[in-house]
Every structure is written in C-alpha cells, then in structure tokens.
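Reading the structure
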Amino acid sequence: VEVLTKDTAAPLQLPWELVSALQRRLRVWKLEMVDDAEVGLDKGEEYYIKKGCDMPPMDMDLQQGMPCMPGMVPMSYQQNEDQSAKLAEIEELLRQKLKSEETILTESRSQGNLLDKSVEGMLNRVQSAMEAMERRILSRLEGGSG
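Residues numbered from 1 in each chain as written. Predicted model: local features only at pLDDT ≥ 70, side-chain atom pairs only at ≥ 80, totals over all residues. Heavy atoms only, no water.

From N to C terminus, the chain includes 4 helices and 2 strands. Each helix and strand of the chain, ordered N terminal to C terminal, gives the series α-α-α-β-β-α. Within the span of the chain, comprising 146 residues, buried residues form 12% of the whole. Looking at the chain alone, contacts between residues at least 24 apart form 29% of all its contacts between residues at least 6 apart. (Helix = DSSP H or I, 4+ residues; strand = E, 2+ residues; numbered from the N terminus. Buried < 20%, exposed > 50% of the residue type's maximum accessible area, 1.4 Å probe, protein only. Contact = heavy atoms within 4.5 Å.)

Now the structure itself:
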C-alpha cells in the first residue's frame, strides 16, 4: 500500500481515497512508533554518571562560587550565556517540531475517522453483494435439481 500511486491503484481497482488515507495513517503510525527519547535519556545518564566518577564529588566554580555536581564541568559566565542561548534555540526548534507533529496527528485522526466510515461502507457493500450472489447460486441450484 505504501508504494501505490494513483496510476498503480487504478488497475488494481482500489479507490485512491482509500489508498491515500491508508498511506497517511501508516506515516503517522511510523512516526508514533519512533520514540527514542528513553534511549537518549539512558545514554545521557550513563555518560554523566561515568563523567561524575572521573571528578571529585563536589568542585567549586571559582568564578561564580557555585558548587558543581559530579559530571559537571565548571564554566565561565560567557560559556554559560552561550550555552543558554543554544539551549533556547534548541528548545524553540523542538517546540516547532512538536507543534507540526501534533498537527499531522490531528489531521490523521480526522482522516482516520473518514477512512473508518469509508471502509465500513465498502464492507457493507461487499457483504450485500456476497449475499446476493449466494441467493442467486442457491436459486440456480434449487432450480437445476428440481
């Protein structure tokens, strides 16, 4: 379904609306299944625990007079400001990405509801056609044996 195009779906007698809705649903599902935040947190914790073992338990940042936790490296005021600016930029990028993903999910959910209704309608039509065929076959069998 993922590789079908409008042109390749037509010979297979697949409604393009159904195929495109399924493709969107699959993209969102794949996006939802990619959650590497926990792995990233674990790696970060391992790194800082190891880094903390390499340093004395509490150092003092002599310029600011603040204690540094294990794994932290004392830094100058300018380095701290540079990192704060970078962190703010990263935070903004993450907010934008999250907002766009929420938009995709919202659109997909509304299209998913339409897809569910469409599939349900198609199933009803197929079931009705099957029942009609079954009645015709039974009537022919009854007519041919009688």
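Moving on from the model shown.
Applying the stated criterion across every chain yields a total of 2 salt bridges. We note a salt bridge from Glu2 to Lys30, for which the minimum N-O separation is 2.3 Å. With Glu2 in the segment before α1 (6-9) and Lys30 in helix α2 (residues 16-33), this residue pair connects regions lying 28 residues apart in the sequence. (Salt bridge = Lys/Arg side-chain N within 4 Å of Asp/Glu carboxyl O.)

On to the confidence of the model for the chain. For the chain, per-residue confidence averages 76 on the pLDDT scale, and 76% of positions sit at 70 or higher. Within the model, pLDDT remains below 50 along residues 57-63, and this stretch shows 19 contacts once partners closer than five positions in the same chain are excluded. (pLDDT = per-residue confidence, 0-100.)

Moving on: the environment of Leu115. Mapped onto the elements of the fold, Leu115 is located in helix α4 (residues 77-145). Spatially, the C-alpha atom of Leu115 lies 6.5 Å from that of Ala21, the residues being 94 residues apart in sequence.

Time to look at a nonpolar patch on the surface. Taken together, the side chains of Met133, Ile137, Leu138 and Leu141 make up a nonpolar region of the molecular surface, amounting to roughly 390 Å² of accessible area. Structurally, Met133 can be placed in helix α4. Met133 sits in the partly exposed class, given a relative accessible area of 44%. (Patch = residues over 30% accessible without salt bridge, like charges linked within 9 Å, V, L, I, M, F, W, Y side chains within 5 Å. Areas by Shrake-Rupley, 256 points an atom, 1.4 Å probe, with all protein chains shown as cover.)

This brings us to α2. Spanning 18 residues, α2 covers 25 Å between terminal C-alpha atoms, matching the ideal 26 Å at 1.5 Å per step. Those residues of α2 that sit buried are Leu18, Val19, Ser20, Ala21, Gln23 and Val28. (Expected span 1.5 Å × (residues − 1).)

Attention now goes to the side chain of Gln23. For Gln23, the position within the fold is in helix α2. Polar side-chain contacts of Gln23 include one of 2.8 Å to the backbone oxygen of Leu4. Sequence-distant contacts of Gln23, that is, excluding residues within four places in its chain, are made with Val1, Glu2, Val3, Leu4 and Trp16. (Polar contact = N/O pair within 3.5 Å; in protein donor to acceptor, adjacent residues only side chain to side chain.)

Our next topic: a negative patch on the surface. Where like charges cluster on the molecular surface, the negative patch consists of Glu38, Asp42, Glu45 and Glu46. The exposure class of Asp42 is partly exposed, given its relative accessible area of 34%. (Lys, Arg positive; Asp, Glu negative; His and termini not counted. Charge placed at Lys NZ, Arg CZ, Asp CG, Glu CD.)

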